[in-house]
Amino acid sequence: MSVLVTGGAGYIGSHMVLALMDAGQDVCVIDNLTTGYRWAIPQEVTFIEADVGDEAAVSAAIEQHGVDAVVHFAGSIVVPESVSDPLGYYHNNTVNSRSLIETCVKTGVKNMIFSSTAAVYGTPEVSPVTEATPTEPISPYGASKLMTEWMLRDTAFAHDFNYVALRYFNVAGADPKGRSGQSNPAATHLLKALMRTALGISDHMKIFGRDYDTRDGTCIRDYIHVSDLIGAHLAALKYLRGGGESGIFNCGYGHGCTVLEAIDAVERVLQQKINVVDADRRAGDPPELVSVADKARKVLGWTPQYDNLDVIVQTAYAWEQALTARIDAAE
Ligand code: UFG
């Protein structure tokens, strides 16, 4: 019994690989290294450099390692990039997922955990959102992920195959043991921008809009620590292996913070002023995106442990420092 992790060299996938190893599980990784890093995968883990759409490579990995569950992280994740390159996103996220699902069906893998996103909700009219809130993605990224959810649903109906799709809210923070974190210098997420500014890599960070109809005028998001998100994947794996039914689950804490509150937390935790600049609203940003995530707690038995913005900031900062030291040493 072993777990195949696609995208295991990336930010979230690498945390999953570490958690599976910590739990004593057999794990192998497929990643094409377009945005991931070979060094993010421990040397003792079997690594296959391939695309998830490469049916021969995926089948071989499944058969050689006795894979019974696939955790599918691989994909493209930059919302504005998906607007300028929709076909690239439908290829990487939808077409390749179709191939991976088909390979699972052909090789008899019965369990899949899929990285979906809160972007499937688009700009919801209600907040917080439940899994039953209408899905109306406003970007090719969100649509590409929603289409994969549909393929999973229909495949589970037609075949001996079960899945859990986890709709991630705003994933942030890093491994509390300092073994992995967000390493992509092109990442534009709020916490990454704040850490880069705190370390002087960027001169300032921009606040994208202060005129939203929220408590302080800036957007509200439900930031979830990456280790808690991985906890939801481990719970989903246990659930599926135990014969649990297919389902879709929000992954967030059920409460959010504004951009200004996040900046305050960073300044308080790091005891440092952050240089901020006001900027226009960013296209497509919903004012508020907060989850109702009770279903994952009830059905999967998920118990978050890091529901604390200060911990998110501390771990993200420690990782960004380690990453900077690594880059300096390599130069
Ligand atoms: N923000 C800033 N300045 C920055 C970066 C972000 O003010 O430098 C603001 C954004 O405008 C937004 C909030 O901080 O209000 C969070 O922005 P992020 O870029 O960190 O995250 P998003 O909410 O835009 O995106 C996240 C995921 C996507 C997912 C989306 C769903 O990263 O993968 O939620 O809406 F699709």
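Residues numbered from 1 in each chain as written. Predicted model: local features only at pLDDT ≥ 70, side-chain atom pairs only at ≥ 80, totals over all residues. Heavy atoms only, no water.

Asker: Just checking my understanding: could you explain the site of the ligand for this structure?
Answerer: Near the ligand you find 21 residues, and of these L190, K206, R221, R282 and D285 are the closest. Interatomic distance of 2.8 Å between a backbone N/O atom of L190 and an oxygen atom of the ligand. At a separation of 2.6 Å, an oxygen atom of the ligand approaches a polar side-chain atom of R282. Of all the secondary structure elements, the ones that give two or more residues to the shell around the ligand are α6 (190-198) and β8 (205-208). The element that contributes the greatest number of residues to the shell around the ligand is β8, accounting for four residues. Looking at the shell around the ligand residue by residue, the class counts come to 13 nonpolar, four polar and four charged. (Near = heavy atom within 4 Å. Polar contact = N/O pair within 3.5 Å; in protein donor to acceptor, adjacent residues only side chain to side chain. Helix = DSSP H or I, 4+ residues; strand = E, 2+ residues; numbered from the N terminus. Nonpolar A, V, L, I, M, F, W, Y, C, P; charged D, E, K, R; others polar.)

Asker: I tried to follow unusual backbone geometry on my own but got confused; where do I start?
Answerer: Glycine aside, residues mostly have negative phi, and peptide bonds are mostly found in the trans state. The residue after S127, namely P128, is reached through a cis peptide bond having omega 5°. By the element assignment, P128 lies in the loop between β5 (111-117) and α5 (140-158). Within the chain, L33 stands out as a residue other than glycine whose phi angle is a positive 60°. Examined against the element boundaries, L33 turns out to sit in the loop between β2 (26-31) and β3 (46-49). We classify L33 as partly exposed; its relative accessible area is 24%. Phi at Q271 is positive, roughly 55°, even though this residue is not glycine. Along the chain, Q271 turns up in the loop between α8 (259-270) and β13 (276-279). (Buried < 20%, exposed > 50% of the residue type's maximum accessible area, 1.4 Å probe, protein only.)

Asker: How should I be thinking about the side chain of H225 in this particular structure?
Answerer: Checked against the element boundaries, H225 lands in strand β10 (residues 223-225). Judged by relative accessible area, H225 falls into the buried class, the value being 0%. In this view, H225 contacts A172, G173, A174, P176, Y253, Y306, V311, I312 and T315; residues no more than four positions away in its chain are not counted. (Contact = heavy atoms within 4.5 Å.)

Asker: Before we go on, may I ask you to explain the nonpolar core in this structure?
Answerer: Grouped together as the largest cluster of nonpolar side chains are 39 residues, with contacts concentrated most on V5, I12, F73, L166, V171 and L300. Of all the secondary structure elements, the ones that give two or more residues to this core are β1 (2-6), α1 (11-22), β2, β4 (67-72), β6 (162-168), α7 (226-241), β11 (247-251) and α9 (294-300). Ranked by the residues each element gives to this core, the list is headed by α7, at nine residues. (Core = buried A, V, L, I, M, F, W, Y, C linked by side-chain atoms within 4.5 Å.)

Asker: Would you take a moment to explain the packing of aromatic side chains for this structure?
Answerer: The description of an aromatic ring pair rests on the distance of the ring centres and on the angle between the ring planes. Taken as a whole and judged by the stated rule, the model has four aromatic pairs. Between the aromatic rings of Y37 and W39, the centroid separation amounts to 5.1 Å while the plane-to-plane angle is 25°, which identifies the pairing as stacked. For Y37, a relative accessible area of 25% gives the class partly exposed. On the accessibility criterion, W39 (34% relative accessible area) is partly exposed. Relative to F249, the ring of Y239 has its centre 6.3 Å away and its plane inclined at 80°; by these criteria the two rings are edge-to-face. Of this pair, Y239 sits in helix α7 while F249 sits in strand β11, placing them 10 residues apart in sequence. (Phe/Tyr/Trp six-rings, centres within 6.5 Å; stacked < 30°, edge-to-face > 60°.)

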